[in-house]
Amino acid sequence: MTADVFFMDLKTTSKENLPQKLSRLIKKAGIKTVLKEKDLTAVKIHFGEKGNTAFIRPVFIRQILQTIKEFNASPFLTDANTLYVGTRSDAVSHIHTAIENGFSYSSMDATPIIIADGLNGKSETKIPIHQKNFKDVYIGAEIVAADALISVAHFKGHELSGFGGTLKNLGMGCASRRGKLAQHSNVSPKIKRKTCIGCGQCALHCPGQAIYLEEKKAYMDRTKCIGCAECIVRCPTQSINIQWDQTVPVFLEKMMEYTLGVLKGKENKSLFINFITDISPKCDCLPYSESPIVQDIGVLASTDPVAIDQASADMVNQQAGLSASVLKMNLEPGQDKFRGLYPDVDWEYQLEYAQDIGLGSRDYTLKKLKTLSYAKE
Ligand code: SF4
Ligand code: SF4
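Predicted model only: the values in this text are computed from it and were never measured.

## What about the overall build of the chain?
Here comes step 1: A count of helical and extended segments in the chain gives 13 helices and 15 strands.
Here comes step 2: In terms of C-alpha radius of gyration, the chain reaches 20 Å, essentially the compact-globule figure of 21 Å for 377 residues.
Here comes step 3: Projected onto the principal axes, the alpha-carbon positions of the chain cover approximately 70 × 45 × 40 Å.
Here comes step 4: Relative to its full complement of 377 residues, the chain shows a buried share of 50%.
Here comes step 5: Here the contacts in the chain between residues at least 6 apart in sequence split such that 76% fall between residues at least 24 apart.

## Considerations on the packing of helix α1 (residues 18–28) against helix α3 (residues 58–70)
Two quantities define a packed helix pair, namely the angle between the axes and the distance from one axis to the other.
Here comes step 1: At a closest axis distance of 9 Å, the pairing of α1 and α3 adopts a crossing angle of 45 degrees. With respect to α3, the element α1 is oriented oblique. For the crossing formed where α1 meets α3, the hand is right-handed. Contacts between α1 and α3 involve Pro19, Leu22, Ser23 and Ile26 from the former and Val59, Phe60, Gln63, Ile64 and Thr67 from the latter.
Here comes step 2: Split by residue class, the contact of α1 with α3 holds six nonpolar, three polar and no charged.

## What about the site of ligand 1?
Here comes step 1: Around ligand 1 lies a shell of 14 residues, among which Cys206, Gly208, Cys225, Cys228 and Cys231 are the nearest.
Here comes step 2: When its residues are assigned to classes, the shell around ligand 1 shows eleven nonpolar, two polar and one charged.

## Some words on the sheet that holds strand β2 (residues 40–44)
Here comes step 1: Pairing in this open sheet of seven strands is mixed, and the strands run β3-β2-β6-β13-β14-β1-β15 from one edge to the other. If you trace the sheet from one side to the other, it starts and ends with β3 (74–78) and β15 (364–368), each paired once. The average angle at which neighbouring strand axes cross in this sheet is 20 degrees, direction not considered.
Here comes step 2: Judged from the five bridges that link them, strand β1 (residues 3–8) and β15 form a sheet pairing that is parallel. Bridging from a neighbouring strand, Val5 pairs with Leu366 of β15.
Here comes step 3: Running at roughly 160 degrees to strand β6 (residues 148–154), α3 makes contact with β2, β3 and β6 of the sheet.

## Points about the site of ligand 2
Here comes step 1: Neighbouring ligand 2 are 14 residues, the closest being Cys196, Cys199, Cys202, Ala218 and Cys235.
Here comes step 2: Taken together, the residues that form the shell around ligand 2 break down as eight nonpolar, five polar and one charged.

## Let's talk about the pairing of β1
Here comes step 1: Here β1 pairs with strand β14 (residues 298–302) via three bridges, running antiparallel. Bridging from a neighbouring strand, Phe7 pairs with Leu300 of β14.

## Quick notes on the domain arrangement of the chain
Here comes step 1: Along its sequence, the chain is carved into domain 1 (3–186 + 268–368) and domain 2 (190–240).
Here comes step 2: The centre of domain 1, based on its C-alpha atoms, is set 29 Å off from the matching centre of domain 2.
Here comes step 3: Taken together, the contact pairs nine residues of domain 1 with eight residues of domain 2.
Here comes step 4: Within the side of domain 1 that touches domain 2, the residues separate by chemical class into five nonpolar, three polar and one charged.

## Focus: the packing of helix α10 (residues 244–263) against helix α13 (residues 348–356)
Here comes step 1: In the contact formed by α10 and α13, the axes pass within 9 Å of each other and the chain directions differ by 45 degrees. Accordingly, the angle class assigned to the pair α10 and α13 is oblique. At the point where α10 passes α13, the crossing takes the right-handed sense. Facing α10, whose interface residues are Pro249, Leu252, Glu253, Met255, Met256 and Thr259, α13 presents Tyr349, Gln350, Tyr353 and Ala354.
Here comes step 2: Taken together, the residues that form the contact of α10 with α13 break down as seven nonpolar, two polar and one charged.

## Regarding the environment of Lys21
Here comes step 1: Position of Lys21 relative to the elements: it lies in helix α1.
Here comes step 2: Sequence separation between Lys21 and Asp9 is twelve residues; the distance between their C-alpha atoms is 9.2 Å.

## What about α1?
It helps to recall that an α-helix has 3.6 residues per turn; residues three or four apart then point in one direction.
Here comes step 1: Among the residues making up α1, those that are buried are Lys21, Leu22, Leu25 and Ile26. One face of α1 carries all of its buried residues, which in axial projection span an arc of 135 degrees.
Here comes step 2: The secondary structure elements touched by the buried residues of α1 are β1, α2 (31–34), α3, β13 (270–276) and β14.
Here comes step 3: Of the residues one or two after α1, Gly30 is the one with positive phi, at around 105 degrees.

## Some thoughts on unusual backbone geometry
Backbone phi values are negative for most residues with the exception of glycine, while trans is the configuration of most peptide bonds.
Here comes step 1: At Gln209, a residue that is not glycine, the phi angle is positive and equals roughly 50 degrees.
Here comes step 2: Along the chain, Gln209 falls in the loop between α8 (201–205) and β10 (211–214).
Here comes step 3: Positive phi, close to 60 degrees, is recorded for Asn330, a residue that is not glycine.
Here comes step 4: As for its placement among the helices and strands, Asn330 is situated in the loop between α11 (305–318) and α12 (337–341).
Here comes step 5: According to the C-beta neighbour criterion, Asn330 is partly exposed, with 17 such atoms within 10 Å.

## Observations concerning the pairing of β14
Here comes step 1: Among the five residues of β14, five are classified as buried, and the element is accordingly described as predominantly covered.
Here comes step 2: Every second residue of β14 is oriented toward a common face, with Gly298, Leu300 and Ser302 on one face and Val299 and Ala301 on the other, all of them buried.
Here comes step 3: Of the strand pairs in this sheet, β13 and β14 are connected by five bridges, and their pairing is antiparallel. When the sheet's bridge partners are listed, Ile273 is paired in β14 with Ala301.

The rules behind these values
Residues numbered from 1 in each chain as written. Chains lettered and ligands numbered in written order. Predicted model: local features only at pLDDT ≥ 70, side-chain atom pairs only at ≥ 80, totals over all residues. Helix = DSSP H or I, 4+ residues; strand = E, 2+ residues; numbered from the N terminus. Rg over C-alpha atoms; globule rule 2.2 N^0.38 Å. Buried ≥ 20, exposed ≤ 12 C-beta atoms within 10 Å, placed from the backbone. Contact = placed C-beta atoms within 7 Å. Axes fitted to C-alpha atoms, helices over the stretch in contact; angles between N-to-C directions. Parallel < 35°, antiparallel > 145°, perpendicular 65-115°, else oblique. Left-handed = near helix turned anticlockwise from the far one by under 90°. Nonpolar A, V, L, I, M, F, W, Y, C, P; charged D, E, K, R; others polar. Near = placed C-beta within 6 Å. Pairing = 2+ DSSP bridges. Domains from an automatic or database assignment. Arc of directions from axis to C-beta.

Below, the structure is given as structure tokens:
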């Protein structure tokens, strides 16, 4: 079945600014069919790690909240705590970071932030899904308890999944600590000591404090590794690696199964929005952002989580790569930018598997919003 994906570019006129256009986009995409009066509506976003600057601008999130309120629903902003020791690993630091990044009561139209898996990541609900890798998944309790779900994802590159969009925002982003660990459990890198120069970058950035140096060589305590892959991207000599061909497909399958669990019971109560702007090569969980790999494209909205990610990936790949970025391969329009960044990651597999388990369709029809203007403009 073909799914509709609605698209707005970033052109504006004096008749309609970008936040107004965004509101029109999500109405077109069917927010009215998703929400009813008084629905407690989880708006799943990523508040950005402290120091990151690529996350979605608060002014757009406020507009989404105001649009939800037009339907007399009750939105709250949410995300689940992280696995690694960063600035969002418990509810207190998470909310502090969110406020520092601009998501305060005053800027968010007095909308509360409710961290989905509670103070320390243990507030979770077990959802039976009976899939290949998991019989049950563990999701942040407040997201499960919500009547409706609006996912607002920043579409960008990602070290382990090639790209991160709606499917990752849901599958990984809504999982409790136990759920995140279960998804990462087979991602355990190995160190090639022959080429290790003992620079210590891996140990410095390892969120699990799993790496230590002895006689100028790196060693790993596997019991502490949370499989985040940060050490792989930090190593300047490519001395840390995983078995990409075996590890990544299983990781992607697990993440898609978690997405299935998040949406269980909310099949007709969810809307997905992807911002294809500030398209950084890596995740917003990092405490910095690298320059974008392609120019800003626009925003997509759909009720199909697979179609929206497929359309987003296609639109990024249609662009010319920006040579000032870390992208050094596949810069021509039409070439695969995610393979250019991460040649070992088969990003398409997550879409294929998501479709196979019934999450949505890779076939889509792109419906472009017209830019409104006054006759003379
Ligand atoms: S994947 Fe690497 S950086 Fe991440 S926890 Fe394991 S050893 Fe540390
Ligand atoms: S980052 Fe790479 S080269 Fe540096 S200590 Fe770690 S494994 Fe060795």
